[in-house]
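# Coordinate analysis (summary)
Listed below, chain by chain, are the residues.
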Amino acid sequence: MTDMQSEDIIKKLNNLIEIDYDAIAAYKAAIERLEDKQLKQQLVTFMEDHKNHVTALTESVRLSGGNPADSGDMKKILTKGKVVIAELGGDDAILKAMKMNEEVTNKSYEAMVDEPFPGTIKLILQNGLADERRHRAWLDATIEQISS
Ligand SMILES: [Fe+2]
Ligand SMILES: [Fe+2]
């Protein structure tokens, strides 16, 4: 497998940055809607993880000579974007919607870690994927707990 061209690296990382921005917006909407304070606090830490992803990926795009994306995309790649989340009632429904979003972020990072990125970027993507998997696992477990 040959190394990736800068142009390709920049395009793929910017796509992830946009997804992370959309995820941050969805988390923000979810945090505003949730009733349970502990759930709110947990989602705040996940939102912070996504902000850290944006920071790290933004730096990588710059170092690759590109212009980093600075907002979410308009293609609505997330299953449940911020507008949908803002309309939901009930903590259970909100967590389920966020879980569907995390399926998207997990798939997106999973696809990226298999690409031939330079080592430093690969590490950032692997760390990001570990966060996304943790987010999804927590949502899975918590939804289970709430509905049993
Ligand atoms: Fe992320
Ligand atoms: Fe996540």
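Everything that follows concerns the structure shown earlier in this document.
Reading the values: the criteria
Residues numbered from 1 in each chain as written. Chains lettered and ligands numbered in written order. Predicted model: local features only at pLDDT ≥ 70, side-chain atom pairs only at ≥ 80, totals over all residues. Heavy atoms only, no water. Helix = DSSP H or I, 4+ residues; strand = E, 2+ residues; numbered from the N terminus. Rg over C-alpha atoms; globule rule 2.2 N^0.38 Å. Buried < 20%, exposed > 50% of the residue type's maximum accessible area, 1.4 Å probe, protein only. Contact = heavy atoms within 4.5 Å. Phe/Tyr/Trp six-rings, centres within 6.5 Å; stacked < 30°, edge-to-face > 60°. Core = buried A, V, L, I, M, F, W, Y, C linked by side-chain atoms within 4.5 Å. Salt bridge = Lys/Arg side-chain N within 4 Å of Asp/Glu carboxyl O. Donors = N, O, S within 2.8 Å, 3.2 Å for Na, K, Ca; no water.

### A few points about the overall build of the protein
Summing up its helical and strand segments, the protein has 5 helices and 0 strands in all. Order of helices (α) and strands (β) in the protein, N terminus to C terminus: α-α-α-α-α. For the protein, whose C-alpha radius of gyration is 16 Å, the value lies close to the compact-globule estimate of 15 Å for 148 residues. Considering only C-alpha atoms, the protein reaches an extent of 50 × 25 × 20 Å along its principal axes. Taking all 148 residues of the protein together, the buried fraction comes to 43%. Counted over contacts in the protein with a minimum sequence separation of 6, partners at least 24 positions apart contribute 77%.

### Section: the packing of aromatic side chains
In the structure shown here, the tally under the stated rule is 2 aromatic pairs. With a centroid separation of 6.3 Å and an interplanar angle of 80°, the aromatic rings of Tyr27 and Phe46 are classed as edge-to-face. You can see Tyr27 sitting in helix α1 (residues 6-33) and its partner Phe46 sitting in helix α2 (residues 37-63), a full 19 residues away along the chain. Residue class for Phe46 comes out buried when judged on its relative accessible area of 1%. Where Phe46 meets Trp138, the ring centres are 5.4 Å apart and the plane angle is 80°; that geometry is what we call edge-to-face. Of this pair, Phe46 sits in helix α2 while Trp138 sits in helix α5 (residues 119-146), placing them 92 residues apart in sequence. Through a chain of ring-to-ring contacts, three or more aromatic side chains come together here, namely Tyr27, Phe46 and Trp138.

### Side note on the nonpolar core
Core analysis: the largest hydrophobic core is formed by 38 residues, its most contacted members being Leu13, Tyr27, Leu43, Ile85, Met98, Phe117 and Leu125. Of all elements in the fold, only α1, α2, α4 (91-113) and α5 reach the threshold of two or more residues within this core. Per element, the largest residue contribution to this core is 12 residues, and it comes from α1. Those residues within four positions of Leu125 in sequence are excluded, and the remaining contacts are Leu13, Leu16, Leu57, Tyr109, Met112, Val113 and Phe117.

### Thoughts on the pattern of salt bridges
Within this structure, the stated rule accounts for 11 salt bridges. The residue Asp8 makes a salt bridge to Lys12 at a minimum N-O spacing of 3.3 Å. Placement of the pair is Asp8 and Lys12 together in helix α1, with a separation of 4 residues, close to one helical turn.

### Examining the coordination of the iron ion (ligand 1)
Coordination of the iron ion (ligand 1) by the protein comes from Asp20 (OD), Asp20 (OD), His53 (ND1), Tyr109 (OH) and Glu132 (OE), over a distance range of 2.1 to 2.8 Å. On the primary sequence, the residues serving as donors to the iron ion (ligand 1) are separated as D-x32-H-x55-Y-x22-E. Exposure remark for Tyr109: the relative accessible area of 1% places this residue in the buried category. The exposure class assigned to Glu132 is buried, which follows from its relative accessible area of 0%.

### So, the coordination of the iron ion (ligand 2)
Protein-derived ligands of the iron ion (ligand 2) are His50 (NE2), Glu102 (OE), Glu102 (OE), Glu132 (OE) and His135 (ND1), with the metal-ligand distances lying across 2.0 to 2.4 Å. The distance between the iron ion (ligand 2) and the iron ion (ligand 1) is 5.3 Å, with Glu132 acting as a donor to both metals. Placement of the pair is Glu132 and His135 together in helix α5, with a separation of 3 residues, close to one helical turn. Classification of His135 as buried rests on a relative accessible area of 0%.

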